[in-house]
Amino acid sequence: MTSISKVVCFDAFGTLLHMTKRTHPERVLKEYLRGEGVDVSSVALDLMARNKSWGEICQDKGVDPPPAIWADWQDRQKEEMATVVLYPETWDVLNWVASNGWAIGVVSNLGAPYDGFLRGLEQTLRAAHPSTPIVLALSFEVGAVKPSADIFDHVARQFPDLSPAQFYMTGDKMAEDCDGPRALGWNAVHLDRSHMTLWDSLQSLNLLPKRSAHVHL
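The structure displayed is predicted, hence computed values, not measured ones. (Residues numbered from 1 in each chain as written. Predicted model: local features only at pLDDT ≥ 70, side-chain atom pairs only at ≥ 80, totals over all residues. Heavy atoms only, no water.)

Caption draft 1: Highlighting helix H9 (residues 174-183). Regarding H9, the residues found buried are Asp 177, Cys 178, Gly 180 and Pro 181. Elements that come into contact with the buried residues of H9 comprise helix H8 (149-156), strand S6 (167-171) and strand S7 (187-190). Looking one or two residues beyond H9, the residue adopting positive phi is Gly 185, at roughly 95 degrees. (Buried < 20%, exposed > 50% of the residue type's maximum accessible area, 1.4 Å probe, protein only. Helix = DSSP H or I, 4+ residues; strand = E, 2+ residues; numbered from the N terminus. Contact = heavy atoms within 4.5 Å.)

Caption draft 2: Seen up close, the nonpolar core. Among the nonpolar cores identified, the biggest contains 35 residues, and Phe 10, Phe 13, Leu 16, Val 97 and Leu 202 are the most heavily contacted of them. For this core, the secondary-structure elements that each account for two or more residues are strand S1 (7-10), strand S2 (17-19), helix H5 (90-99), strand S4 (103-108), helix H6 (116-128), strand S5 (134-138) and helix H10 (198-204). For this core, the leading source of residues is H5, giving 5 residues. Contact partners of Phe 10, with chain neighbours within four places excluded, come to Thr 15, Leu 16, Val 93, Leu 94, Val 97, Ile 104, Gly 105, Val 106, Val 107, Met 169, Thr 170 and Leu 198. Within the second largest apolar cluster, 19 residues are counted, among which are Ile 4, Val 7, Val 107 and Ala 137. (Core = buried A, V, L, I, M, F, W, Y, C linked by side-chain atoms within 4.5 Å.)

Caption draft 3: Representation of the environment of Asp 60 within the structure. Of note, Asp 60 is situated in helix H3 (residues 54-61). In the structure, Asp 60 is positioned 13 residues away from Trp 73 in sequence and 19 Å away in space, judged by C-alpha atoms. One polar contact links Asp 60 to Lys 52, side chain to side chain, over a distance of 2.6 Å. (Polar contact = N/O pair within 3.5 Å; in protein donor to acceptor, adjacent residues only side chain to side chain.)

Caption draft 4: Local environment of the state of the cysteines. Considering all chains together, one arrives at 0 disulfides under this definition. The thiol of Cys 9 is not disulfide-bonded; the next cysteine sulfur, from Cys 178, is found 13 Å away. Given the relative accessible area of 0%, Cys 9 is considered buried. (Disulfide = S-S within 2.5 Å.)

Caption draft 5: Fine view of the packing of helix H1 (residues 25-35) against helix H4 (residues 67-81). Put simply, H1 and H4 touch, their axes get as near as 7 Å, and they point 160 degrees apart. Classified by the angle between their axes, H1 and H4 sit roughly antiparallel to one another. Contacts between H1 and H4 involve Pro 25, Glu 26, Val 28, Leu 29 and Tyr 32 from the first element and Ile 69, Trp 70, Asp 72, Trp 73, Arg 76, Gln 77 and Glu 80 from the second. A per-class count over the contact of H1 with H4 returns 7 nonpolar, 1 polar and 4 charged. (Axes fitted to C-alpha atoms, helices over the stretch in contact; angles between N-to-C directions. Parallel < 35°, antiparallel > 145°, perpendicular 65-115°, else oblique. Nonpolar A, V, L, I, M, F, W, Y, C, P; charged D, E, K, R; others polar.)

Caption draft 6: Main features of the pattern of salt bridges. A complete count under the given rule lists 12 salt bridges for this structure. Here Glu 79 makes a salt bridge to Lys 21, at a shortest N to O gap of 2.4 Å. Remark: Lys 21 occurs in the loop between S2 and H1 and Glu 79 occurs in helix H4; sequence separation between them is 58 residues. In this structure Lys 21 comes out as partly exposed when scored by relative accessible area, which is 43%. Arg 193 is the partner of Glu 89 in a salt bridge, and the nearest nitrogen-oxygen pair spans 2.9 Å. Remark: Arg 193 occurs in the loop between S7 and H10 and Glu 89 occurs in the loop between strand S3 (84-86) and H5; sequence separation between them is 104 residues. The class for Glu 89 is buried, based on a relative accessible area of 6%. Judged by its relative accessible area of 24%, Arg 193 is partly exposed. (Salt bridge = Lys/Arg side-chain N within 4 Å of Asp/Glu carboxyl O.)

And the structure:
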């Protein structure tokens, strides 16, 4: 990895891929917990950084949702996950980054049930570019959530010879995807998908010549 000159990192959902239909399965269980008088403020952290399942969370809270609640949650989650797709330019962008000889990182606040599509994308990318270093920093595995330095450091430690200025991050949330890495000296850009694509984010990071910003290379 010492020959790598740049590490280009991306957020996952909202940046590389998205759900075309949101069913918000977590709301079902959260509403039940609130109805039982449970403080749900730490649930997201439990799921994404502590890698706890909903069953473990409910057990910790001392509640036992009825079967109908679990069935509704499972149905909603399956329906939502079945709609995960890549953004139209994602594959071309990742191929272009790899073709330049740069490493690719994915830094995501994610619960374990949602990593399947990312693993498939990783496998496909590795098959297409076997010499490209690919690092996944997923919060439920790293034990830290963006914008914490720990999750970005997980990527940086894989490339000890590189300086912070050689790392790049793009994502759709300002605090998580820009403020966090910038505090470490990384280059970062906020991907506002109301008027930007991944190609635009690479241009903003000075990784892509302006004339090629919207060309699938």
